[in-house]
Amino acid sequence: MRNLLIDQVREDGFAVIDDFLTPDEVQELLQVGRNLHQDAPKDERKVFNANAGAQSAQGRERYFLESADKVRYFFEEGAVGENGELLVDPAIALNKVGHALHTELPAFQAVTFSNRVKEVCWQLGFRRPAVAQSMYIFKNPGIGGEVKPHQDATYLHTEPSTTVGFWIPLEDATLQNGCLHFIKGSHKSGVHRRWIRNTDKTSDELLVYDRPAPLYPQSNFVAVPVKAGSCVLIDSQVVHRSDANRSERSRHAYTFHVIETEDCEYSKENWLQPPEDHPFPVLYERD
């Protein structure tokens, strides 16, 4: 398994591990995830746009920027009215919750720091891996938005490039409800653009893209439908996307990103920065 896993991630930029979680673990995370909306703020609802440009709300707000060690709630664009009122059932209004589920909520912490995750990181060659961030993604029926083609390294850049995403569907991810699509081998072409902290302190835009968005032919993508409880490993430079969910079935998923901290620099330009007194938690250290 070791060589196959490493070879596939290195060749394609992603790999699927079947039955990564047990059915009981899947149900526990689903139960917690489905109840997250109960703790969402009701006075000021923040909308999240996965295809954020420089003008997006998260590019201007510290609620998003300062979430490395907190649990923050982000709503779908179509779920919130002009005056902040909910237009849909609260249970299907959220886009995602992040970015410290792995330290703040025990159910997600147990999975993130499990021996299975450590074993995968070991197989991938990590020497001192740390978890940078985590998210619960809802992709609710009829309202779950499209995620346009992107590289995770645009947002979580390290030098050299080491970031790996663990994407765990808690419900079957299908062609109908918005499974992931990848361009195989696209991780070999470098980082196409970065979303970085704005050095212009007079600007309202706290985050800016350093280059225009690349264009990727739709015909280059392959769909990767996967069963609940599997795990998709995602190289930070592989180009991937997901369609909007126009089905009647949700596509809940838990995802987190691991970075190398030995002989590797996490960019100070990244939007996500750990507080000085709360560094990214380390999974293990090789002797």
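Going by what an unreviewed UniProt entry lists, the chain is known as Fe2OG dioxygenase domain-containing protein and is assigned to Anopheles atroparvus. Per UniProt, the chain has the following entry under Cofactor (unreviewed entry): "Fe cation". UniProt, in its Sequence similarities (unreviewed entry) section for the chain, records the words "Belongs to the PhyH family. PHYHD1 subfamily."

Asker: I tried to follow the pairing of strand 14 (residues 253-260) on my own but got confused; where do I start?
Answerer: Working note: regular strand, side chains alternate between the two faces of the sheet. The buried fraction of strand 14 is high, at eight of eight residues. Because side chains alternate across strand 14, one face comprises the buried residues Ala253, Thr255, His257 and Ile259, and the other comprises Tyr254, Phe256, Val258 and Glu260, equally buried. Taken together, the eight bridges between strand 4 (residues 129-137) and strand 14 define a ladder with antiparallel strand orientation. Bridge pairing in strand 14 places Met135 opposite Thr255. The pairing of strand 7 (residues 164-169) with strand 14 spans six bridges and is antiparallel.

Asker: Even after reading the chapter, I still don't get the sheet that holds strand 1 (residues 14-17), so can you show me in this structure?
Answerer: Within a sheet, adjacent strands bond to each other through the backbone by hydrogen bonds, running parallel or antiparallel. One open sheet accounts for seven strands, arranged 1-12-7-14-4-3-2; its pairing is antiparallel. Of all strands in the sheet, those with a lone pairing partner are strand 1 and strand 2 (71-75), marking the two edges. The sheet shows a mean angle of 20 degrees between the axes of neighbouring strands, taken without regard to direction. Contacts between helix 6 (residues 115-123) and the sheet are confined to strand 1, strand 4, strand 7, strand 12 (231-235) and strand 14, with strand 7 contributing the most and set at about 140 degrees to the helix.

Asker: It is not clear to me how the nonpolar core should be interpreted in this structure. Could you clarify?
Answerer: Looking at soluble globular proteins, one finds that nonpolar side chains tend to be buried together. Phe166, Leu170 and Leu233 are the most contacted members of the largest nonpolar core, which has 43 residues in total. Among all residues touching Phe166, those that are not within four sequence positions of it are Val117, Val120, Cys121, Cys231, Val232, Leu233, Tyr254, Thr255, Phe256 and Val258. Listed in part, the 17 residues of the second largest apolar core include Ala68, Phe74, Leu206 and Tyr209.

Parameters at a glance
Per chain, the residues get numbers from 1 upward, laid out in the order the sequence is written. It should be noted that, the model being predicted, local features are given only for residues of pLDDT at least 70 and side-chain atom pairs only at 80 or more, the latter also being counted only at that level, while totals for whole chains, interfaces and linings use all residues. By convention in this description, side-chain values take in all heavy atoms of the structure and omit both hydrogens and water. UniProt positions are given in the numbering used here, feature names are shortened, and annotations may be inferred rather than shown by experiment. Burial classification: accessible surface area is computed with a 1.4 Å probe over protein chains only, and a residue below 20% of its type maximum counts as buried, one above 50% as exposed, and the rest as partly exposed. Each helix corresponds to a stretch of at least 4 residues labelled H or I by DSSP, and each strand to a stretch of at least 2 residues labelled E; elements are numbered beginning at the N terminus. Only when DSSP finds a minimum of two bridges between them are two strands counted as paired. Fitting a line to C-alpha atoms yields each axis, with helices limited to the stretch in contact; the angle taken between N-to-C directions then spans 0 to 180 degrees. Here, residues are in contact when the closest pair of their heavy atoms is within 4.5 Å. Here, the term nonpolar core denotes a set of buried Ala, Val, Leu, Ile, Met, Phe, Trp, Tyr and Cys residues that are joined through side-chain atoms within 4.5 Å.

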